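# A look at the structure
This is what each chain is made of:
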Amino acid sequence: INKTSIIIDKSKNKEKHRQEFNDLFMPSLNNPKNCPITIEHDDSVNHKGLQIADVISWSVYQSIERGNDDYIDLIENITVKRVFED
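Every residue gets a number counted from 1 within its own chain, in the order that chain's sequence is written. Local features in this predicted model are restricted to residues whose pLDDT is 70 or higher, and side-chain atom pairs enter the listing and the counts only when it is 80 or higher, whereas totals over whole chains, interfaces and linings include all residues. No hydrogens and no water enter the side-chain calculation; it runs on all heavy atoms of the structure.

## So, the overall build of the protein chain
What counts as a helix is a DSSP run of H or I of at least four residues, what counts as a strand is a run of E of at least two, and both are numbered from the N terminus. When helices and strands are tallied, the protein chain shows four helices and two strands. Taken from N to C terminus, the helices and strands of the protein chain fall in the order β-α-β-α-α-α. Contact definition: two residues touch when any of their heavy atoms are within 4.5 Å. For the protein chain, contacts bridging at least 24 residues in sequence account for 52% of all contacts bridging at least 6.

Right, here's the structure in full:
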């Protein structure tokens, strides 16, 4: 059985709050085969993927909520994408 690991940006400082998040998040996942899933909360500075997810989600927020597409336009720039590639 494949195992899935999910890493969440550690925005909640108390273990109790992280567990509450996990308890709400886990049932929302589409997991019909009941594959094992682990959720880890860690500082995004340790994970390039979380850093780029932060940039993308913030850019979408800026575009939708603020009408500012400057950041979405930057993401479409291939040079910006290469910075986050390994």
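## As for unusual backbone geometry
Within the chain, Asn-34 stands out as a residue other than glycine whose phi angle is a positive 50°. The residue Asn-34 is located in the loop between helix H1 (15–25) and strand E2 (37–42) in this model. When a residue's accessible area, from a 1.4 Å probe over protein chains only, is under 20% of the maximum for its type it is buried; when over 50% it is exposed; and in between it is partly exposed. Since its relative accessible area comes to 63%, Asn-34 is described here as exposed.

## Regarding the packing of aromatic side chains
Aromatic rings from Phe, Tyr and Trp, with only the six-membered ring used for Trp, were paired whenever their centres fell within 6.5 Å, and each pair was classed as stacked if the ring planes differed by under 30 degrees, edge-to-face if by over 60, and tilted otherwise. Counting across every chain of the model gives two aromatic pairs. An angle of 15° between the planes, with centres 5.5 Å apart, marks the rings of Phe-21 and Phe-25 as stacked. Separated by four residues within a single helix, Phe-21 and Phe-25 lie in helix H1, roughly one turn from each other. By relative accessible area, Phe-25 is classed as partly exposed at 23%.

## Here's the deal with the confidence of the model for the protein chain
Any residue range with low pLDDT should be treated as having predicted coordinates unsuitable for detailed reading. What pLDDT reports is the predictor's confidence in each residue, on a scale of 0 through 100. Looking at the protein chain as a whole, its pLDDT mean stands at 84, while 87% of the residues score no less than 70. Here helix H4 (residues 78–83) stands out as the least confident element of the protein chain, with mean pLDDT 54; E2 is the most confident, with 94.

## Looking at the pattern of salt bridges
Whenever a carboxyl oxygen of Asp or Glu lies within 4 Å of a side-chain nitrogen of Lys or Arg, that contact is scored as a salt bridge. Scanning the model with the defined rule gives one salt bridge in all. In this structure, Arg-18 engages Glu-15 in a salt bridge whose closest nitrogen and oxygen atoms are separated by 2.9 Å. Highlighted residues: Arg-18 and Glu-15, both in helix H1, separated by three residues, approximately one helical turn. Arg-18 gets classed as buried once you look at its relative accessible area, which sits at 11%. Take Glu-15: its relative accessible area is 47%, and that puts it in the partly exposed class.

## Comments concerning helix H2 (residues 48–66)
Across its 19 residues, H2 extends 26 Å between first and last C-alpha, which sits within 8% of the 27 Å expected from 1.5 Å per residue. Looking only at H2, the buried set comprises Leu-50, Ser-59 and Gln-62. Directly beyond the C-terminal end of H2, a positive phi value near 65° is found at Gly-67. In this analysis, the expected span of each helix is defined as 1.5 Å times one less than the number of residues it contains.

## Remarks on the side chain of Arg-18
In terms of polar contacts, Arg-18 uses its side chain to reach the backbone carbonyl oxygen of Asn-13, at 2.9 Å. Those residues in contact with Arg-18 that lie beyond four places of it in its chain are Lys-10, Lys-12, Asn-13 and His-41. Contacts described as polar in this section are N or O atom pairs within 3.5 Å, which, within protein, must combine one atom able to donate a hydrogen with one able to accept it, while residues neighboring in sequence count only if both atoms come from side chains.

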